[in-house]
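Chain residues, written in single-letter form:
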Amino acid sequence: MMNILITGGTGLVGTALVKKLKERNHTVRILTRSESEEENEFYWNIAEKKIDDKAFENLDCIIHLAGANISERWTDDYKKELYSSRIDSADLLREYCAEKGIHLKSFISSSGVNYYGTFTSDQILTEDSEIVENDFLAKLCVAWENAADQFESIAERVVCLRTAVVLARKGGAFPLLKKTVNLNIGSGVGTGKQWMNWIHIDDLANMYMEAAENTSFNGKYNAVADKIVTNEVFMKKLAKAADKFFLPFNVPPFVMKSVFGEMSSIILEGTRADNKKIKSQGFDFKYSTVDEAFKNLV
């Protein structure tokens, strides 16, 4: 049993993870941006560089999930928020640990599969692949992981999970995708040939839990499911699972760019990330195909 501090503990992934950790009898502490009377919730303010000291008492592990929603339109101000919510928050955690002389068993951080760049290719990317396109998301993920790597001096292990699109019934991108299908306007986007890296919420939460419990986990891992499909196949299978009509023509790129701006790149582009490294750790995916995932979510 460990004392685990989680940032982003009330978010999509955090909520699922907290439930699983408690079921395993771990003591879970959550950092929140508002004052709370809950016994396991502690206040922090990144801008003011404040964290409740009690959050660090007898601490074993930090799981850093905090981060502003990547699916919002990327204005210059919002790009700063995307950065601060991930990197500045990690820096603040490390400062507090250093000041209090805390030695962690592990520091586990979220990252993004866009670490390698946002582009369309049949190239299969492993954790050893170099950055191919040095776009905004790639730079963000590099800074994110660099912030995590700074914990190597105060933690026995540092783990970064490069996460794909998370499929969940009540959050993330999936409800919006399903809504378009339910309205019978589901279709591919752009060329439809871009790959969609994805992972089911249950698998991702289990992955974080194993990363905390299994001391052999160390370094970077692609958090993606076994069977990656193209955007067009993904949407077609979703429509079939929901017993809805699939439009035989794709949404043009200019439409997506006009609506979402630069952020549309994460929808219009995509390559394939490999998950052999994390499977070599003995991790078993409950949902390996989108068909299996959709049966659970639709």
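Remember, it's a predicted structure, so these values are computed and weren't measured experimentally.

### Some words on the overall build of the chain
Thought 1: In terms of regular secondary structure, the chain is built from 10 helices and 15 strands.
Thought 2: Taking 2.2 N^0.38 as the reference for a compact globule, 298 residues should give roughly 19 Å; the C-alpha atoms of the chain span a radius of gyration of 19 Å, in line with that estimate.
Thought 3: With respect to the three principal axes, the spread of C-alpha positions in the chain is 60 × 40 × 40 Å.
Thought 4: Across the 298 residues that make up the chain, the buried fraction comes to 52%.
Thought 5: Contacts in the chain between residues far apart in sequence, at least 24 positions, make up 79% of those at least 6 positions apart.
Thought 6: Counting every atom, the chain has about 14200 Å² of accessible surface; 48% of that belongs to carbon and sulfur.
Thought 7: The distance from the centre of the 37 positive side-chain charges to the centre of the 42 negative ones in the chain is 6 Å.

### Some details on the sheet that holds strand 12 (residues 198-200)
Thought 1: Within the open sheet, the three strands sit side by side as 10-9-12. Their pairing is mixed. Edge positions in the sheet fall to strand 10 (171-172) and strand 12, since each has one partner strand and no second.
Thought 2: Inspection of the sheet shows strand 9 (residues 165-168) paired to strand 10 by two bridges, in the antiparallel sense. Bridge pairing in strand 10 places L167 opposite G172.
Thought 3: Along the sheet, helix 10 (residues 290-297) contacts strand 9 and strand 12; its crossing angle with strand 12, the most-contacted strand, is approximately 45°.

### Remarks on the pattern of salt bridges
Thought 1: For the structure shown, the criterion picks out 10 salt bridges.
Thought 2: A salt bridge links D53 to K100; its shortest N-O distance comes to 3.2 Å. Of this pair, D53 sits in the loop between strand 4 (50-51) and strand 5 (61-64) while K100 sits in the loop between helix 2 (76-99) and strand 6 (106-112), and the two are 47 residues apart along the sequence.
Thought 3: A residue is classified by how much of its surface remains accessible, and D53, at 43% relative accessible area, is partly exposed.
Thought 4: Under the relative-accessibility criterion, K100 is labelled partly exposed at 36%.
Thought 5: The partner of E145 in a salt bridge is R162, with the nearest N and O atoms 2.7 Å apart.

### Focus: the side chain of Q194
Thought 1: Along the chain, Q194 turns up in the loop between helix 4 (174-182) and strand 11 (195-196).
Thought 2: Note on Q194: relative accessible area 0%, which makes it buried.
Thought 3: Within the structure, Q194 has its side chain in polar contact with the backbone oxygen of V189 (distance 2.8 Å).
Thought 4: Those residues in contact with Q194 that sit more than four places away from it in its chain are T120, V189, V229, T230, N231, I267, L268, E269 and G270.

### Here we look at the environment of K22
Thought 1: Mapping K22 onto the fold places it in helix 1 (residues 12-23).
Thought 2: Between the alpha carbons of K22 and M1 there is a distance of 9.8 Å; along the sequence they are 21 residues apart.
Thought 3: Ignoring anything within four residues of it in the chain, the contact list for K22 reads V28 and N40.

Rules used throughout
Residues numbered from 1 in each chain as written. Predicted model: local features only at pLDDT ≥ 70, side-chain atom pairs only at ≥ 80, totals over all residues. Heavy atoms only, no water. Helix = DSSP H or I, 4+ residues; strand = E, 2+ residues; numbered from the N terminus. Rg over C-alpha atoms; globule rule 2.2 N^0.38 Å. Buried < 20%, exposed > 50% of the residue type's maximum accessible area, 1.4 Å probe, protein only. Contact = heavy atoms within 4.5 Å. Areas by Shrake-Rupley, 256 points an atom, 1.4 Å probe, with all protein chains shown as cover. Lys, Arg positive; Asp, Glu negative; His and termini not counted. Charge placed at Lys NZ, Arg CZ, Asp CG, Glu CD. Pairing = 2+ DSSP bridges. Axes fitted to C-alpha atoms, helices over the stretch in contact; angles between N-to-C directions. Salt bridge = Lys/Arg side-chain N within 4 Å of Asp/Glu carboxyl O. Polar contact = N/O pair within 3.5 Å; in protein donor to acceptor, adjacent residues only side chain to side chain.

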